[in-house]
Structure formats: structure tokens, C-alpha cells
Amino acid sequence: MPQEAAPEQASPSRRSKITPERVQELYAATLDLLRESGYESLTMEGVASRTRCGKSTLYRQWGSKAELVLAALHNNRGMRLGHIDTGSLAGDLLAAAAEISSSSGRDTALMHALSHAVMQSPELLCALRESLVVPEIAAIDAMVARGVERGEIAADHPAAPYVPAQLMGVLRARPLLGEAYADDDFLVRFAREAVLPGLGLEAPAPES
């Protein structure tokens, strides 16, 4: 008598029946819910309800809340500043400040939402840094390096290594100090009045 075939193990590719567009919707909803209520309050049920997706589908695809959040963060990685090249370091940093501020509310809210959870999970911390921090630091470092090549600042300028920390750090600190996110007006003024003078640079005259 022939033996009954063993149930076929579902591979990730066979499990995945969600379109790429739908996956993006699920990731966006996950990050929105994180911003609204924090990691501890986020549930797979909440994501399912927000997206009108079956909870079983979410568990089948990602297995757990932690895995879904990790995937959403990795998907969120971007380089908003990589295109900036105004021809001067001062111009680059002011343009970077304006660009960073355009999404400061969303990014800062996400950092605050995960602030406790990342202390408990190195994987979450790594994903958050790769999503929101590392690309921006790399882009700002590249701006500074171009400024050195053009002779605008010395290669060993003592303030140069701290420029990313200034621009990125003020995003996190601003809501605590002023009860508001670092909007375009605040961050550009901060770059003009604090970052550029520290580098010995003058800000370009405002366009009339």
C-alpha cells in the first residue's frame, strides 16, 4: 500500500501571496501606528484592522510583531540627502537642514516610539539606525568631505566630525526642549547660526 505523502513545507516564496503594493501599504500602516501609539501598544490586530488585512495573513507572512516592525524599518531606509550638491559646504548644509526638516515630525515620532523597545532589542536598534540615521550621516559626511576637497575647511577641523550629530541630534532634542518638532524654520536657522559658525563658514545671502 503506497505511503501517504508528507505535507509539503511552505517556502517563503509559496507563502507570499501579497502583492508588492500591498506589502508597502502594510509597512506604511505599521510605521504610522508606531508613531501614534508606540511599540508596546502596537499589535498585529491593530495593523490588520487598519489595513483590512487578515491577522492570519500577517502572522503567516512575518511571524510576529517584531519581525513585521523590522521588515517595515528596513523597507523605510532611504537617502534623502544624497542628491544635494550646491557647490559649497555652507549651501549643502543649509539644504540638508531644510530637507531633514521636511520629514522631521514623522522621523522623530518614530524614534521616540521605538526609544524603549530598541534598548531591549539590538536588532530593532540596528534597523532603526539603518533606516533613519546611517544614510543621513553618510550623506552629511560626504558634504563635509567635498568641503575639505574644495579647501573650504581644513581636513583636521575640530568641528567637522560633529556636524552629523548636530543636525541629527537636534531633531531628537527639539521636542523635549521646545515642545515642537524641528521644522524648516528652526533647523535652517540652527544650521545658519550654530553649525556654520562652528566650521568658520559664512551662510550665503538669502535669495531676494
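Refer to the structure printed above.
It should be emphasised that the depicted structure is a prediction, and the values quoted were computed from it without experimental measurement.

(A) View of the overall build of the protein. When helices and strands are tallied, the protein shows 11 helices and 0 strands. Of the regular secondary structure in the protein, the N- to C-terminal order runs α-α-α-α-α-α-α-α-α-α-α. Pairs at least 24 residues apart make up 68% of the contacts formed inside the protein by residues separated by at least 6 positions.

(B) The side chain of Asp92, seen in detail. Note on placement: Asp92 falls in helix 6 (residues 89–101). A polar side-chain atom of Asp92 sits 2.6 Å from the main-chain amide nitrogen of Thr86. When neighbours within four sequence positions are excluded, Asp92 is seen to be in contact with Ile84, Asp85, Thr86, Gly87, Met143, Arg146 and Arg150.

(C) Inspection of helix 4 (residues 55–62) at higher detail. What helix 4 keeps buried is the set Thr57, Leu58, Gln61 and Trp62. Taken around the axis of helix 4, the buried residues stretch over an arc of 100 degrees, which confines them to a single face. Looking one or two residues beyond helix 4, the residue adopting positive phi is Gly63, at roughly 85 degrees.

(D) Molecular detail of unusual backbone geometry. One non-glycine residue with positive phi stands out, namely Arg52, at about 55 degrees. Along the chain, the position of Arg52 falls in the loop between helix 3 (44–51) and helix 4. Owing to a relative accessible area of 79%, Arg52 belongs among the exposed residues under this scheme.

(E) Quick look at the side chain of Thr51. Mapped onto the secondary structure, Thr51 falls in helix 3. In contact with Thr51, other than residues within four places in its own chain, are Arg22, Glu25, Leu26 and Ala29.

Conventions and cut-offs
Residues numbered from 1 in each chain as written. Predicted model: local features only at pLDDT ≥ 70, side-chain atom pairs only at ≥ 80, totals over all residues. Heavy atoms only, no water. Helix = DSSP H or I, 4+ residues; strand = E, 2+ residues; numbered from the N terminus. Contact = heavy atoms within 4.5 Å. Polar contact = N/O pair within 3.5 Å; in protein donor to acceptor, adjacent residues only side chain to side chain. Buried < 20%, exposed > 50% of the residue type's maximum accessible area, 1.4 Å probe, protein only. Arc of directions from axis to C-beta.

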